[in-house]
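One-letter residues, chain by chain:
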Amino acid sequence: KTIYLKDYEQPDYWISETHLTFDLHDDHALVHSRLSVQLNADKHGQALPALMLDGQNLELLSVAIDDEALASSDYQVDANTLRLQPASASFDLAITTRIKPRDNTALEGLYQSGAMFCTQCEAEGFRKITYYLDRPDVMSRFTTTVIAERGDYPVLLSNGNPVASGDHEGGRHWVTWEDPFPKPAYLFALVAGDLCLIQDSFTTMSGREIDLRIYVEPENREQCAHAMDSLKRSMRWDEEVYGREYDLDIFMIVAVNDFNMGAMENKGLNIFNSSCVLAHADTATDLAFQRVEAVVAHEYFHNWSGNRVTCRDWFQLSLKEGFTVLRDSQFSADMNSETVNRIEGVTFLRANQFAEDAGPMAHPVRPDSFIEISNFYTLTVYEKGAEVVRMLHTLLGAEGFRKGTDLYFDRHDGQAVTCDDFVKALEDANGADFTQFKRWYSQAGTPRLAVEGRYDAAAATFSLLFRQSCPPTPGQSEKKPQVIPVRMALLDAQGLEMPLQLADEAQAQGTERVLAVTEAEQLFTFTGISEQPLPSLLRGFSAPVKMTYPYSRDDRVFLAKHDPDGFNRWEASQALAVEILQGLVGIHRAGRPLMLDQRLLDVYRTLLADSTLDPAMVAEMLRLPSEAYLVELADVADIDGIHYVRDWVRQELAVALEAEMWPLYQALNDQVPYSPSAAAVARRSLKNTLLGYLMLCPSGKALDVCVRQFVEANNMTDRQAALVALVNSSYDEQKRAALSDFAERWQSYPLVMDQWFSIQAAASQPGALQRVQELMQHPAFSMRNPNKIRSLIGAFANQNLVNFHSADGSGYRFLADRILQLDPLNPQIAARLLTPLTRWRKYDEARQALMKAELSRIIAAENLSPDVYEVVSKSLV
Ligand code: ARG
Ligand code: ZN
């Protein structure tokens, strides 16, 4: 059943108070709820409509209104609702349900992860706990009592502050938690388990002392320091940059092993996938450290952008997610290198969100309809949503943006609001008009921006002509022009920025500016331009568009070496590499011999020689565009050609630059004690990028060095990089030895074993599918654990493109089988696994037919979840 944004109506009733008691047992839980319900008089005056409560997979034991038990003839229950007829406009409703957390393999609602109980309620999981108005515009004050056996569950947690506790007979105990802030049910959380506590404190800007607590299973105690440190830095940063102070006396994080997503911002009790909390240098890579920092910040920032101000309905999801992703990426940029951070973000967006925008599931940042909301926790809502808010920041400037967010938080504190309300606050605080800008929320698809420049030496003017368009997406054939902020400069022959003066301006204003392109076709003319300039456009990726400009390869080399903007230097080297790779794919298909354009070598050689550059930046620039990005850029992707050519270019580069790379690798491989500092991370990043290249050289000189790095590394970043290089090499003996040594050493560390699975699943040599099938039999693998599914099956289908797209269709068949196997257990994860199959339009006809055949086989299966049904049915249109 499809739900539409245009059908939104306020609820018929409100719930001012929610009192919950959970009686937890090994094989079931009893949930007693007592709700204070009031008629929504704004909507209904005196009439009393039926009360329709959401509920799924519940065993209803009793219902009472104002302490009078209802007979079963007084209400109706079906698979999704409990319907009853109130007799007054305000009443107490008491409901008891029985649920089976142990059998809850969907990991939504109350479930068991290992030996502990935990919850995941966003978006619509609370209805699997008790009957309720499970929608974000119903905000209620919650009190929660948890009762469980003390020996197995010494720790009992819920939202807010603990207000009472005690013992029951028979070894059971209880704790009552009270959350003073009204909240929607999706922010409810409960945890019960035998957990150890890592404790710290934070003093807020107004001098309040906050008790910070991270709860993990005892064996993970040593892996929490980085998350705690990230939390404290997030709290300080949100005060300094957004003026946001924490509001409860306690802030808790709990790590669980079985979790569908990254983490969840439940009020005062964030629940995390252990992969986003645990980090120790021995077991986690630098990338994993960064991820922990970002996710801890993200969930913490939700306390204001999400919890204090929440969403009116789920179509507004990007209100909290887009804004919060922007906030966490601003934070990460401040904690690390801003440019490198932006490069990583843009690389991810272009390879993945652009592909979503070009596929059958394309949808606007604020979708108009959905069947299953879980399917809309997408890169579009999150990452493109963040780009949209970033553009507002760019257009208003940091100060104007802050005035806008201050007004937003102030005006809407305690409310459930819309994306329009957010934009309105930014407008009102700045006297701005974002009417046209809001098309970014309603139009799907990635806009194209074709730019041309014309220099008129006689008039000393340089004109930029912008033409924008946006391809059709499902349900949207025509698009209107959007507001595209283009941050830019003009460079002279030395690479210096020239003063910028538009034709209608009295004098030059700076050397960098943001042009707001608003028309389908628009011309900007700069005056006083005394020599032919080279434009540096869309700096920092100031809008999520596909921009083209007729740069020559020499122009790109110049920009890669000289653009004062670091991001655009990287962009120029990427674009050069893309162009070269695309050209070679065509040559390879035509059966002609490959030759590497020496300009790429020239850029790389210059990078390697420049000791003043940030090593992390050099590493980024040395990285060729990914296969996934090259597929995204192609109309019909020749996956075998892309893979072959990209590997060939990597090897050519390695051989040509071997002499330059060795001394640099050796200088970086200095055996100093491990440090997590940004500078040390940057050095490891470059060192391991070089190792990857050196291992491709036929000289074989790197093998011993690589094995030594694998054995002697004092951190997981170096060890893993060496393992990746070995696994992707043809040194079979060393590879096998390293893999078994690694598995032996880390078998009791699930997160490390996830790395071990995904490195093998992503290795592109032939036979990958068989290896993946064998690994599914490994004792560390489980179809019940989302991290395992992602690291083995997900890595194969998303990162091993040449094997997944094997022309015999075996990769497709394997994935479809896994989806059908998983759907009855965990529909959310099953639906996510579909993504690679939905991209069938990108491939040749034979592969298209094979992919569609698998989609058809899935949709023909009985009892498909709405999750999988929605994705498959939309993909087959
Ligand atoms: N709000 C959470 C976050 O952004 C994600 C919740 C995902 N839930 C889901 N059903 N997909 O961190
Ligand atoms: Zn979020």
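About the cut-offs
Residues numbered from 1 in each chain as written. Chains lettered and ligands numbered in written order. Predicted model: local features only at pLDDT ≥ 70, side-chain atom pairs only at ≥ 80, totals over all residues. Heavy atoms only, no water. Helix = DSSP H or I, 4+ residues; strand = E, 2+ residues; numbered from the N terminus. Rg over C-alpha atoms; globule rule 2.2 N^0.38 Å. Buried < 20%, exposed > 50% of the residue type's maximum accessible area, 1.4 Å probe, protein only. Contact = heavy atoms within 4.5 Å. Areas by Shrake-Rupley, 256 points an atom, 1.4 Å probe, with all protein chains shown as cover. Lys, Arg positive; Asp, Glu negative; His and termini not counted. Charge placed at Lys NZ, Arg CZ, Asp CG, Glu CD. Donors = N, O, S within 2.8 Å, 3.2 Å for Na, K, Ca; no water. Phe/Tyr/Trp six-rings, centres within 6.5 Å; stacked < 30°, edge-to-face > 60°. Lys NZ or Arg CZ within 6 Å of the ring centre and 35° of its normal. Arc of directions from axis to C-beta. Axes fitted to C-alpha atoms, helices over the stretch in contact; angles between N-to-C directions. Parallel < 35°, antiparallel > 145°, perpendicular 65-115°, else oblique. Left-handed = near helix turned anticlockwise from the far one by under 90°. pLDDT = per-residue confidence, 0-100. Near = heavy atom within 4 Å. Polar contact = N/O pair within 3.5 Å; in protein donor to acceptor, adjacent residues only side chain to side chain. Nonpolar A, V, L, I, M, F, W, Y, C, P; charged D, E, K, R; others polar.

### What about the overall build of the protein chain?
Okay, step 1: What the protein chain contains, in helices and strands, is 27 helices and 31 strands.
Okay, step 2: Its C-alpha atoms give the protein chain a radius of gyration of 28 Å, within 12% of the compact-globule value 29 Å for 877 residues.
Okay, step 3: Seen along its three principal axes, the alpha-carbon backbone of the protein chain occupies a region of about 85 × 70 × 60 Å.
Okay, step 4: Classification of the 877 residues of the protein chain by burial places 59% in the buried group.
Okay, step 5: Summarising the internal contacts of the protein chain: among those between residues at least 6 apart in sequence, 71% fall at separations of at least 24.
Okay, step 6: Summed over its atoms, the accessible surface of the protein chain is roughly 33,700 Å², and 50% of this surface lies on carbon and sulfur atoms.
Okay, step 7: Side chains of the protein chain carry 82 positive and 119 negative charges; the gap between the two charge centres is 3 Å.

### So, the coordination of the zinc ion (ligand 2)
Okay, step 1: Within the protein, the atoms that donate to the zinc ion (ligand 2) are His298 (NE2), His302 (NE2), Glu321 (OE) and Glu321 (OE), at distances of 1.9 to 2.7 Å.
Okay, step 2: Along the chain, the residues donating to the zinc ion (ligand 2) are arranged with the sequence spacing H-x3-H-x18-E. Highlighted residues: histidine 302 in the loop between helix H3 (286-301) and strand S22 (310-311) and glutamate 321 in helix H4 (residues 317-335), separated in sequence by 19 residues. Here histidine 302 matches glutamate 321 in class, with each residue buried.

### What to know about the side chain of aspartate 754
Okay, step 1: Mapped onto the fold, aspartate 754 is located in helix H19 (residues 750-762).
Okay, step 2: Here aspartate 754 is in contact with Asn787, Lys788 and Ser791, once residues within four sequence places are set aside.

### A short note on the packing of aromatic side chains
Okay, step 1: Here the structure, examined in full by the defined rule, presents 43 aromatic pairs.
Okay, step 2: Relative to phenylalanine 301, the ring of tyrosine 300 lies with its centre 6.1 Å away and its plane at 65°, an arrangement referred to as edge-to-face.
Okay, step 3: Phenylalanine 301 sits in the buried class, given a relative accessible area of 0%.
Okay, step 4: Measuring from centroid to centroid gives 5.7 Å for phenylalanine 301 and phenylalanine 331, while their planes differ by 85°, and the two rings are edge-to-face. Residue phenylalanine 301 is found in helix H3, and its partner phenylalanine 331 is found in helix H4; the two are separated by 30 residues along the sequence. For the pair phenylalanine 301 and phenylalanine 331, a shared accessibility class is recorded, and that class is buried.
Okay, step 5: Here lysine 267 stacks its cationic end above the ring of phenylalanine 181, 4.3 Å away from the centre of that ring.

### Here we look at helix H20 (residues 768-775)
Okay, step 1: All buried positions along H20 are accounted for by Ala768, Leu769, Val772 and Leu775. The buried residues of H20 occupy an angular sector of 125° when projected down its axis, which confines them to one face.

### Quick word on the packing of H19 against helix H21 (residues 786-799)
Okay, step 1: One way to put it is that H19 packs onto H21 with a least axis distance of 8 Å and a crossing angle of 20°. If you check the angle between H19 and H21, you find them roughly parallel. At the point where H19 passes H21, the crossing takes the right-handed sense. Of H21, the residues touching H19 (which contributes Pro750, Leu751, Asp754, Phe757, Ser758, Ala761 and Ala762) are Asn787, Lys788, Ser791, Leu792, Ala795, Phe796 and Gln799.

### Some words on the packing of helix H11 (residues 598-609) against helix H12 (residues 615-622)
Okay, step 1: Contact geometry for H11 and H12: axes closest at 10 Å, N-to-C directions at 165°. Here H12 runs roughly antiparallel to H11, going by the angle between their axes. Of the two elements, H11 crosses H12, and the hand of that crossing is left-handed. Contacts between H11 and H12 involve Tyr604, Leu607 and Leu608 on the former and, on the latter, Val618, Met621 and Leu622.

### Re the confidence of the model for the protein chain
Okay, step 1: Confidence in the prediction of the protein chain, expressed as mean pLDDT, is 98, and 100% of residues score 70 or more.
Okay, step 2: Scoring of the predicted complex yields 0.99 for pTM and 0.98 for ipTM.

### Thoughts on the site of ligand 1
Okay, step 1: Near ligand 1 you find 15 residues, and of these Glu122, Glu265, Glu299, Glu321 and Tyr382 are the closest.
Okay, step 2: Interatomic distance of 2.5 Å between a side-chain N/O atom of glutamate 122 and a nitrogen atom of ligand 1.
Okay, step 3: Measuring from a nitrogen atom of ligand 1, one finds a side-chain N or O atom of glutamate 265 at 2.7 Å.
Okay, step 4: Within the complex, the protein chains bury 96% of what would otherwise be the 350 Å² of accessible surface of ligand 1.
Okay, step 5: Where the shell around ligand 1 is concerned, the elements lending two or more residues are strand S20 (263-264), H3 and H4.
Okay, step 6: Residues belonging to the shell around ligand 1 are distributed by class as follows: 6 nonpolar, 4 polar and 5 charged.

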